[in-house]
Amino acid sequence: MSIVKVGVLGCGLMGAGIAEVSARAGKDVVVAEMSAAAAEAGRERLTRSLERAEQRGKIASAAEVLARIQVVDDLSHLHDRDLVVEAIVEDERAKVDLFRRLDEIVTSPDAVLASNTSSIPIMKIAVATTRPSHVLGIHFFNPVPVLSLVELVPSLLTAPDTTERARAFVQDELGKRAIDCQDRAGFVVNALLIPFILSAIRMVESGFASASDIDEGLVRGAAHPQGPLALADLIGLDTTKAVAESLYEEFKEPLYAPPPLLARMVDAGLLGRKSGRGFYTY
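Below is a summary of the structure that appears in this document.

Reading the values: the criteria
Residues numbered from 1 in each chain as written. Predicted model: local features only at pLDDT ≥ 70, side-chain atom pairs only at ≥ 80, totals over all residues. Heavy atoms only, no water. Helix = DSSP H or I, 4+ residues; strand = E, 2+ residues; numbered from the N terminus. Rg over C-alpha atoms; globule rule 2.2 N^0.38 Å. Buried < 20%, exposed > 50% of the residue type's maximum accessible area, 1.4 Å probe, protein only. 1 Å grid on protein atoms, 1.4 Å probe; cavity = no way out; pocket = protein on both sides within 12 Å on 5 of 7 lines; lining within 4 Å. Points joined across faces, edges and corners; volume = space filled by probe spheres on them. Nonpolar A, V, L, I, M, F, W, Y, C, P; charged D, E, K, R; others polar. Axes fitted to C-alpha atoms, helices over the stretch in contact; angles between N-to-C directions. Parallel < 35°, antiparallel > 145°, perpendicular 65-115°, else oblique. Left-handed = near helix turned anticlockwise from the far one by under 90°. Contact = heavy atoms within 4.5 Å. Expected span 1.5 Å × (residues − 1). Pairing = 2+ DSSP bridges. Right-handed = clockwise from strand over helix to strand, strands pointing away.

When its secondary structure is counted, the protein chain shows 11 helices and 8 strands. Computed over its C-alpha atoms, the radius of gyration of the protein chain comes to 19 Å, within 12% of the 19 Å expected for a compact globule of 282 residues. Over its C-alpha atoms, taken along the principal directions, the protein chain stretches across nearly 55 × 45 × 35 Å. The burial tally for the protein chain puts 50% of its 282 residues in the buried class.

The structure is reproduced here in structure tokens:
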């Protein structure tokens, strides 16, 4: 069964990106936020991104794509979707509560319910519903319109047909590359990436090297497109900390433990690009 009607929960950076690529692929998209103010901010974010894409020649008409996206502040508008992708804050309790509500709202028994979580085990989310066979992780990467990778993460209870429908949507409809991941905290990319970022933060914390020297070393010496601390700022230091905590809870290995400096920066509201200041000022 093809996926025609797409729902997205959350219109922050990730949610807006998922909505954008779905609409650019010709899908009918509904994005649900929790308040009118958040919905308006999400609508503006989508408009800016699509206008930039038009200016760069990536799409023919921003207005045409925007016409396929409806941004609302009422979850009930998701009732008829073929696929709903959750992209809210990286908080297990919030996601579980939301999937419990989605289970009641989405009427089609064949609908795929997906989480864009970057670290939380899918099983914990799936069992909050009465249809765990239709729940899986579809993890996009930021910025969604630019990065081609998507991690597909079925739980032990996900039906093979659900995974294959998600794969067809991601690869055939969105033109991205899907890789298969076991349902373990962090999946593939973050299980490797987060310890690397945490190690760079510990280097700053210990005075071993400055943030700019660490990043320049990895860019110029290891051909990375950007350094680990600039990447942490892009991801969001709050999200980096949340992913690290999920990894540490699952594996109890010291390399996953968030350094005190990261915790203090998050407490101070120094979250990276989204707040204007992290390891760098924006």
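To continue, consider the layout of surface pockets. Of the volumes computed, that of the largest pocket is approximately 1,100 Å³. Per element, the largest residue contribution to the lining of the largest pocket is 6 residues, and it comes from helix α10 (residues 237–251). Taken together, the residues of the lining of the largest pocket sort by class into 19 nonpolar, 11 polar and 8 charged. Size it by volume and the second largest pocket reaches roughly 640 Å³. In this structure, the second largest pocket is lined by 22 residues; those nearest its centre are Ser 49, Arg 52, Pro 143, Pro 145 and Val 146. Those elements giving two or more residues to the lining of the second largest pocket turn out to be α1 (13–24), α2 (36–55) and α9 (228–235). The element that contributes the greatest number of residues to the lining of the second largest pocket is α2, accounting for 6 residues. Among the residues making up the lining of the second largest pocket, the classes are represented as 9 nonpolar, 3 polar and 10 charged.

Describing two packed helices takes the angle between their axes plus the distance from one axis to the other. Running from N to C, α10 and helix α11 (residues 260–267) cross one another at 135 degrees; their axes reach a closest spacing of 9 Å. Taken together, α10 and α11 sit at an angle that is classed as oblique. As for the relative orientation of α10 and α11, their crossing is left-handed in sense. On the side of α10, the interface is formed by Leu 237, Asp 238, Thr 240 and Lys 241, while α11 contributes Leu 262, Ala 263, Met 265 and Val 266. Of the residues contributing to the contact of α10 with α11, the split by class is 5 nonpolar, 1 polar and 2 charged.

Take α10 next. With 15 residues, α10 should cover 21 Å at 1.5 Å per step; its first-to-last C-alpha distance of 21 Å lies within 8% of that length. Along α10, the residues that are buried comprise Leu 237, Thr 240, Lys 241, Ala 242, Val 243, Ala 244, Ser 246 and Leu 247. Where the residues of α10 are buried, they touch α7 (189–206), α9 and α11. Phi for Lys 252, located one or two positions after α10, is positive at around 55 degrees.

Now for the pairing of strand β8 (residues 177–180). Looking at chain direction, strand β7 (residues 149–154) and β8 are connected through 4 bridges and run parallel. Across the sheet, Glu 151 pairs through a bridge with Ile 179, a residue of β8. As for the winding sense of the linkage, the β-α-β connection from β7 through helix α6 (residues 160–173) to β8 is right-handed.

Pairing is mixed across the open sheet formed by 8 strands, whose spatial order is β3-β2-β1-β4-β5-β6-β7-β8. The sheet terminates laterally at β3 (69–72) and β8, the two strands that pair on one side only. Each adjacent strand pair in this sheet contributes to an overall mean axis angle of 25 degrees, direction not counted. In this sheet, strand β2 (residues 28–32) lies alongside strand β1 (residues 5–9) in parallel orientation, the contact comprising 5 bridges. Paired with Gly 7 across the strands is Val 30, a residue of β2.

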